[in-house]
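Report on the structure
What follows is each chain in one-letter form.
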Amino acid sequence: MRKAMPIGVEDFCELRKGYYFVDKTRFIRQLLDEHSKVTLLTRPRRFGKTLTMSMLDWFFSIDKVDKSCELFAGLDIERAGASYMGERGQYPVVFLTFKDTNGLSWETMQGLFASYISMLLLRYTYLLDSPRVQEPLKKRFQQLVDMEADEARLSAAVVLLMEMLHQHYGRQVILLIDEYDAPVQQAWENGFYRECIAFLKQLLGSALKSNDNLAFAVLTGVLRVAKESIFSDLNNLDVCSVLSTRYDDIIGFTPEEVTRMAHDLGREDRLTEIRSWYDGYHFGDVEIYNPWSVINFFRNDRFGDYWVNTSGNGILRALLERADAQRIETLQTLLDGGTIQVTLNERVIYEDIGRDKSALYTILLLTGYLTTTAAAATRRNRYALRIPNKEIRDIYATEILNHLAQGIDTDTFDDLFDYLLHGDSYNFAGQLQKILLSIISTYDAANKESFYHGFMLGLSTLLLGSGYWVESNRESGYGRFDMAIFPKNPQKSGVILEFKAATGEAELESKAKEALTQIEDRHYETEFQKRGIRNVWKYGIAFCGKKVHVVMADSAATP
């Protein structure tokens, strides 16, 4: 019987009751063989981190020992031998997940933490009846359950629970924290980053640093978040990021696992397309598919952008908000399937995004919007990055479109490029005027040629992957054109665009003509001729605030 695909199933016990299962229990053996005191696994969202942590909880938890035996029957960890299975159900375990502690203010988030910790402790109320647990600890425990503890007591809740469990069982505690940095991103996006960092530094630091109750800890997240921000003075932290070879095949699907799934589900004929859409990641030395998207494809039997709908894309929007002409050109290179050379710094903090290019591209890598090439670093911390696959390329195009204009649909942009590529300067000018009038407010007062150049480059990225590539400031003839669109099929028409900024609306027409004259006098079409492209539309475009005027060789148009 064909098993159901586990869409949204994050509990290991539930998964083992009839859903299709990819065995990752070798991770348990690896942890038992070589675990550090504190291990942090950073991977993009929806790659299976929560399910991985649930697997560890079900294996190690002393509270689940009676239910967990059958869950691991016939799996890799059982085949590893009796000594490994002998560790099943031998530890008190505290399993936390912070992925739902979202809030638009610090007061709201703090209240969510208090509620979450109260609900967590209700699972351990048997500790209140334990003669081995000290009475003062029980009183503090009850305050947290009743949500009467102040922020200081709240930030010490995890270490309190671990102390009580250690006293009750006489065994050190395994601490599992899933999506530890989810509140950090929320706080950064909503303006209370420092308050959140200060709270988590105390909550996690007290549990992980010099804690005699701790056997070992495993944390997951998307970012490391610089040691100085949260893990201050934590010298026992082993970070296993997407650049690390340790545990590199545990989260996400390997090619062998996807091939086996396709065989089991009778869809081997779609493997080439599955790879194009959802493969392309490299974690350490291993090629990885996006598991969320692969599972959704097998469930729905159609390709789509599944990952984009799982949460916000605030990091990508941060890239676009600072999209000067140079960064737009970088986006063009990526969207056209190229690579960029970047120095990475994994010790990043969110506050670095606006001022540190290395931090921005590091975060785009860690969050899954970019990946490394198969090759290792070209030199120390210097990597070649690219967009992993078609799904992520679609996300870039969608976010670029959403960022550029409000109240404008995809057809508006499609019409704009149809007019541009077919020499319909009048309607092109009209569509461009419509888009300019809808540009988001931060650009309303822009009146510099560099802004309009970057704006047009941003629009042009929507062409990439559709038979064209775009180049900017390239030498051709006797100068450098502002922007050119080259068809990959030389039988199609190319486009040259030159931009001018007018000081007033009365100057628009003369500036547009000046731009067109520059194209013709400097023979910018030379580069097209070298590539065998004979038909080239030449546009001179002048901007003033939200007004535009377009002229074309042998034709002119005004919206």
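Use the structure listed above.
The notes below deal with the structure included here.

Conventions and cut-offs
- Residues numbered from 1 in each chain as written.
- Predicted model: local features only at pLDDT ≥ 70, side-chain atom pairs only at ≥ 80, totals over all residues.
- Heavy atoms only, no water.
- Helix = DSSP H or I, 4+ residues; strand = E, 2+ residues; numbered from the N terminus.
- Buried < 20%, exposed > 50% of the residue type's maximum accessible area, 1.4 Å probe, protein only.
- Contact = heavy atoms within 4.5 Å.
- Areas by Shrake-Rupley, 256 points an atom, 1.4 Å probe, with all protein chains shown as cover.
- Phe/Tyr/Trp six-rings, centres within 6.5 Å; stacked < 30°, edge-to-face > 60°.
- Salt bridge = Lys/Arg side-chain N within 4 Å of Asp/Glu carboxyl O.
- Pairing = 2+ DSSP bridges.
- Core = buried A, V, L, I, M, F, W, Y, C linked by side-chain atoms within 4.5 Å.

Okay, the overall build of the chain next. Along its length, the chain carries 24 helices and 18 strands. Classification of the 559 residues of the chain by burial places 57% in the buried group. Counting contacts in the chain only where the partners sit at least 6 residues apart, residues at least 24 apart contribute 73% of the total. For the chain, the exposed area adds up to about 23,500 Å²; of that, 45% sits on carbon and sulfur atoms.

By the definition in use, this model includes 29 aromatic pairs. Centroid distance Tyr126 to Tyr169: 6.5 Å. Interplanar angle 70 degrees. Geometry classified as edge-to-face. Of this pair, Tyr126 sits in the loop between helix H7 (106–122) and helix H8 (135–145) while Tyr169 is found in helix H10 (residues 157–169), placing the two residues 43 residues apart along the sequence. An aromatic cluster is built from Phe12, Phe21, Phe59, Phe60, Phe72, Tyr91 and Phe216, whose rings are joined through pairwise contacts.

Our next topic: the pattern of salt bridges. Tallying each qualifying case throughout the model produces 26 salt bridges. Residues Asp33 and Arg29 are paired through a salt bridge, measuring 4.0 Å at the closest nitrogen-oxygen approach. Linking Asp33 with Arg29, this pair stays in helix H2 (residues 26–34), spanning 4 residues, or about one helical turn. With a relative accessible area of 47%, Asp33 lands in the partly exposed category. What makes Arg29 partly exposed here is its relative accessible area of 29%. Note that Arg267 and Asp301 form a salt bridge whose closest N and O atoms lie 2.2 Å from each other. Linking Arg267 in the loop between helix H13 (255–264) and helix H14 (271–278) with Asp301 in the loop between helix H15 (291–300) and helix H16 (314–321), this pair joins segments that are 34 residues apart in sequence. Put simply, Lys24, Arg26, Asp249 and Glu257 are held in one network by salt bridges that share partners.

Attention now goes to the sheet that holds strand S10 (residues 382–386). Hydrogen bonds between backbone atoms are what pair the strands of a sheet, whose relative direction is either parallel or antiparallel. Spatially, S8-S10-S9 is the arrangement adopted by the 3 strands of the open sheet, whose pairing is antiparallel. In the strand order of this sheet, the two ends are held by strand S8 (340–343) and strand S9 (371–372), each with one partner. Relative to S10, S9 is paired through 2 bridges, and the arrangement is antiparallel. Paired with Thr371 across the bridge in S10 is Arg386.

For the rest of this paragraph, the subject is the nonpolar core. Leu56 and Phe72 are the most contacted members of the largest nonpolar core, which totals 82 residues. The contacts of Phe72, once residues within four sequence positions are left out, are Phe12, Thr25, Ile28, Met55, Trp58, Phe59, Ile77, Glu78, Met85 and Arg88. Of all hydrophobic cores here, the second largest spans 52 residues; its members include Leu40, Val94, Trp106 and Ala114.

All right, on to the environment of Leu360 then. With respect to the helices, strands and loops of the structure, Leu360 is situated in helix H18 (residues 357–366). Among the residues examined, Leu360 registers a relative accessible area of 0% and is labelled buried. In the structure, Leu360 is positioned 16 residues away from Leu344 in sequence and 9.1 Å away in space, judged by C-alpha atoms.

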